[in-house]
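This is what each chain is made of:
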Amino acid sequence: MKTEDRIKAAFDEAESRELEDLLCGIEAETTAERAVRTKRAVLEKTGFGGKSRGLRSIFQGNAAKALAAAAAVIMLIGAVFGTVACAKEAKVYGDAVAFFDENGLVRGTLTRKEIKAVFLDITTKSFTYDKTLGVILLSAGEISVPGCELDPHDAAPSGVSALWDSYTAVNAPLGDGEYLISGRGYSGEGLQLFENGIYYTSEVEYEGDSSAPKRSVLKKSAKNKLLWEAAFDGCVITGFKAFDGCIIVTGTHGAGTRAICFAAKIDASGRIVCRQDYGMAFSSWNSLSIAENADGGYTVFGSVYDQQERTYSTGMFRISDELEELDQTTLPNIEGYFFSFAARFGSGYAVLMQSTWQHWEGSAGAAERQLIVFIDAAGNITDSVKLSMDETASILSVGPEDRCFMIRDMIEHDGQLCFSGYTVPLGDDGSMPNPNSRHAEIAGIIRSLYSSGQYADFSAADFTQLVRENYTAMLIEFDPLKAEPRAFYSEAGALGDSLYKSADGSLVWNAVSISSAHYSPATSAFSIIGRGSVCAYRFSGQDLVGILETGAKVPFLR
Amino acid sequence: MDDRTLAELLRSDPERGLGELTRLYAGLVYSVVRGKLAGVAGNSDIEECVSDAFAEFYRMLDSFDESRGSIKALLCVIARRKAVNVCRRLMREGTRSAGEPGDDQPADVPSPEELSIRSEERRALLSAIAELGEPDREIIVRRYYFGESTKAVAKRLGMKPSAVDTRAHRAVQKLKKKLGGEYED
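Structure report, in brief. Worth saying up front: this structure is predicted, and the values here are computed from it rather than measured.

## Section: the overall build of chain A
Alright, step 1. Each helix and strand in chain A was counted, giving 10 helices and 24 strands.
Alright, step 2. In chain A, of all internal contacts separated by at least 6 residues, the share reaching a separation of at least 24 is 49%.
Alright, step 3. Of the roughly 26200 Å² of accessible surface on chain A, 52% is carried by carbon and sulfur atoms.

## Considering the overall build of chain B
Alright, step 1. The helix and strand tally for chain B stands at eight helices and zero strands.
Alright, step 2. Counted from the first residue to the last, chain B has its helices and strands arranged as α-α-α-α-α-α-α-α.
Alright, step 3. Per-residue burial over chain B gives 52% buried out of 185 residues.
Alright, step 4. Taking as baseline every contact in chain B between residues at least 6 positions apart, the subset at least 24 positions apart corresponds to 60%.
Alright, step 5. Per element, the accessible surface of chain B, about 8800 Å² overall, is 47% carbon and sulfur.

## Points about the pattern of salt bridges
Residue and element names in this part refer to chain A.
Alright, step 1. A full pass over the atoms with the stated rule returns 35 salt bridges over all chains.
Alright, step 2. Linking Asp95 and Lys91 is a salt bridge whose minimum nitrogen-to-oxygen distance equals 2.9 Å. On the criterion of helical spacing, the pair formed by Asp95 and Lys91 is a turn pair, its members being four residues apart in helix α5 (residues 62-102).
Alright, step 3. Classification of Asp95 by relative accessible area gives partly exposed; the value is 33%.

## Details of the nonpolar core
Alright, step 1. Phe11 and Leu19 of chain A together with Leu21, Phe57 and Ile129 of chain B are the most contacted members of the largest nonpolar core, which totals 60 residues.
Alright, step 2. In terms of residue count, helix α4 (residues 71-93) of chain B provides more of this core than any other element does, 13 residues in total.
Alright, step 3. When neighbours within four sequence positions are excluded, Leu19 of chain A is seen to be in contact with Phe11 and Ala14 of chain A together with Ala73, Cys76, Val77 and Tyr145 of chain B.

## A look at helix α10 (residues 460-470) of chain A
Residues and elements named next belong to chain A.
Alright, step 1. Looking only at α10, the buried set comprises Phe463, Thr464, Val467 and Asn470. Around the axis of α10, the buried residues are gathered within 110° of arc, so they sit on the same side. Of the residues in α10, the exposed ones pointing more than 90 degrees away from the buried face are Ala461 and Glu469.

## A word on the interface of chain B and chain A
Alright, step 1. Each side of the interface is counted separately: chain B has 76 residues, and chain A has 58 residues.
Alright, step 2. When chain B packs against chain A, close to 6300 Å² is buried across both sides, 58% of that on carbon and sulfur atoms.
Alright, step 3. Viewed at the interface, chain A and chain B are joined by 14 salt bridges.
Alright, step 4. The partner of Arg122 of chain B in a salt bridge is Glu15 of chain A, with the nearest N and O atoms 3.5 Å apart.
Alright, step 5. Listing elements by their share of the side of chain B that touches chain A, those giving two or more residues are α2 (14-37), α3 (43-59), α4, α5 (112-130), α6 (136-145), α7 (150-157) and α8 (161-179) of chain B.
Alright, step 6. With 12 residues, the single largest contributor to the side of chain B that touches chain A is α8 of chain B.
Alright, step 7. Of the residues contributing to the side of chain B that touches chain A, the split by class is 29 nonpolar, 13 polar and 34 charged.

## A few points about the sheet that holds strand β13 (residues 337-345) of chain A
Residue and element names in this part refer to chain A.
Alright, step 1. Taking strand neighbours across the sheet as the criterion, the four strands line up as β13-β14-β15-β16 in an open arrangement whose pairing is antiparallel. Two strands close off the open sheet at either side, each with one partner strand: β13 and β16 (381-386). Here the strands of the sheet are splayed against their neighbours by 20° on average, with no regard to which way each runs.
Alright, step 2. Relative to strand β14 (residues 348-355), β13 runs antiparallel, the two sharing eight bridges. From the neighbouring strand, Ala342 faces β14, where its bridge partner is Val351.

## A short note on the pairing of strand β17 (residues 403-413) of chain A
Residue and element names in this part refer to chain A.
Alright, step 1. Taking burial as the measure, the 11 residues of β17 include 10 buried ones, the bulk of the element.
Alright, step 2. Looking at chain direction, β17 and strand β18 (residues 416-425) are connected through 10 bridges and run antiparallel. Note that in β18 the partner of Glu412 across the bridge is Leu417.

## Observations regarding the pairing of strand β19 (residues 472-479) of chain A
All names here are of chain A.
Alright, step 1. With eight of eight residues buried, β19 lies mostly within the body of the structure.
Alright, step 2. Bridge count for β18 against β19 is seven bridges, and the pairing is antiparallel. Of the residues in β19, the one forming a bridge with Leu417 is Phe478.
Alright, step 3. Strand direction decides the pairing type here: β19 and strand β20 (residues 484-492), joined by eight bridges, are antiparallel. Its bridge partner lying in β20, Asp479 is registered against Glu484.

## Overview of the environment of Asp504 of chain A
Residue and element names in this part refer to chain A.
Alright, step 1. Checked against the element boundaries, Asp504 lands in the loop between β21 (494-501) and β22 (507-518).
Alright, step 2. Sequence-wise, Asp504 and Ser540 are 36 residues apart; in three dimensions their C-alpha atoms are separated by 9.2 Å.
Alright, step 3. Within polar-contact distance, the side chain of Asp504 engages the side chain of Ser502 at 2.4 Å.
Alright, step 4. A distance of 2.6 Å separates the side chain of Asp504 from the side chain of Ser506, its partner in a polar contact.

## Side note on the sheet that holds strand β4 (residues 225-233) of chain A
The pairing of strands in a sheet comes from backbone hydrogen bonds and takes either a parallel or an antiparallel form.
All names here are of chain A.
Alright, step 1. On the basis of which strands lie adjacent, the open sheet formed by three strands has the order β2-β3-β4 and antiparallel pairing. The open sheet has two free edges, formed respectively by β2 (198-206) and β4, since each of these has just one partner strand. Each strand axis lies, on average, 20° off the axis of its neighbour in the sheet, ignoring direction.
Alright, step 2. As paired strands, β2 and strand β3 (residues 213-222) are joined by nine bridges and run antiparallel to one another. When the bridges of β3 are listed, Tyr206 appears paired with Pro213.

Reading the values: the criteria
- Residues numbered from 1 in each chain as written.
- Chains lettered and ligands numbered in written order.
- Predicted model: local features only at pLDDT ≥ 70, side-chain atom pairs only at ≥ 80, totals over all residues.
- Heavy atoms only, no water.
- Helix = DSSP H or I, 4+ residues; strand = E, 2+ residues; numbered from the N terminus.
- Contact = heavy atoms within 4.5 Å.
- Areas by Shrake-Rupley, 256 points an atom, 1.4 Å probe, with all protein chains shown as cover.
- Buried < 20%, exposed > 50% of the residue type's maximum accessible area, 1.4 Å probe, protein only.
- Salt bridge = Lys/Arg side-chain N within 4 Å of Asp/Glu carboxyl O.
- Core = buried A, V, L, I, M, F, W, Y, C linked by side-chain atoms within 4.5 Å.
- Arc of directions from axis to C-beta.
- Buried area = accessible area lost by both parts, 1.4 Å probe.
- Nonpolar A, V, L, I, M, F, W, Y, C, P; charged D, E, K, R; others polar.
- Pairing = 2+ DSSP bridges.
- Axes fitted to C-alpha atoms, helices over the stretch in contact; angles between N-to-C directions.
- Polar contact = N/O pair within 3.5 Å; in protein donor to acceptor, adjacent residues only side chain to side chain.

See the structure below:
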């Protein structure tokens, strides 16, 4: 039985002692007219009705029998019409429930009448019923859309209609074999989709309105079917990576400067094999990468913030296979650069550093936007290479001159570094979008929409095509000895995402092809939402050996 | 006026006592009855049920013991049970005064063991609702006991309707989690 039905049933059967605490402080009023009618009726029924008692005697005898017969006929007619009305109502209700289920709408605490009213309000496109907006907002739930905020007290039908279009753009029905990967705060980026549709996601749960985490959960799923979850009470998971046979998880518990860092190893069945706390290993574990060491064990890379110097450095934290702390190293601060990714390279590591925001926009060192720092197993810097040799061009100018490459992942492949990402247009002044700002990628689209006044004129299909033209997924190979990047593979209308090595040593590249995009000035503060389809490209050496439409759909948000 | 004084007034001056009783609790009893009969019966049936509840309370006044519960709670119990009976009667007759069919079906007669289990579960659930904290407790009572709309609850509590919906949804999930067992979504 549904929880709501149990609550109603409990209220139906409640005894007076059980209601005392429940009703404490809760009052209800009624209208003055109803109060008068109630009093009059109660007095009548209890024999204190006065003159009204005399009036009742008029209806005794035959007149009363005639009235009773008439009432019986009326009830019979009412029963017939009532039966027909019941069947019709049941069909509408059934259609409404099916509509809710098909569109992922939350019924929550809605009554039967309200469910039907929302259904009719949306399907007739009137959007005037006061509960429709609440249902859509509640159902959108964890797929939060930046700027998609309507005031429930002041939402015009056009706004609610636009919100519904946005909601369906993200929640369009899935085709056969398709499944949607989503979760709390998940934006669709950084997903490693393995063979057989296996992927991992993490979520943080909070108690009520508290900002302290109740627990974090790492989940393993296969095509949206949850296989297992591993929970960490009172913790926040800050990073995880799957290796052959295990997953390494990092995170924190506690708050602020007293936060304790931890790592845990989870085996293939979801069992937490071991866990270790590290005191305050890093002042913050941001931008984490986890690499497997050549001699066993792991190295965790992250940003380290020095509160006194107000600078960021890159930290390396080495742990054994059993997660025992081995050593910590903080790389020398490279002014103007911050840690982005790290990957195993040879017997050591390669660390990608990106310029801080104030160094963008054509300032001095325009070519020094991305730097690869090579580190040996002991944490010593052995070399560093700028990714672009062109002093005037944007980074990794391997594509058209008016586009730049946004890096999203990095891996060693065939003795070289392989970068996954996508190209987007440069700004009108030739400036490169801030790599930390996803929104900057669509600035050109928004500008052209408003300058042409066409923001309301695009059909869904045309707008999707416009957004697809903004993105080209690219796989780039970088030979550190030659310091030359080379475009390896590209896919129009897509965003390059994660890279991993499969069991047979081939390189798998996940790219997200934009399948729907929606924009509405009524509901969004210059944001675009939609969905993408995940495609897996498999490379053996330099050769493309397979392309797999995985069936996985992920949210697209900018 | 406290319960003892009201009970004494009802005994000594019934007409005045009933006037006071209905003045104090007509709104509450109406809400409790409407929470069950809205969509099943029309206003006339609802008001009929309300006045029946007051009349029944008056008839059992001699056995009222304030140590066992307040007049407020007892009136609500009587009112809800009357409303349940009216609902069942209307369902059997297939008569609808207004609105649409309700969700209830006549229940099969439970065995003593089933009754005992149901009582335990009911006590646990109601206790859990009482422990929800504010404003969740009041939201659940008003939504499921009084049958008030989100808008009405929001207005009463000075909250946004969307916030009321969200809190109600979360409160139900909390109850579901707390009580476990075979609670469904």
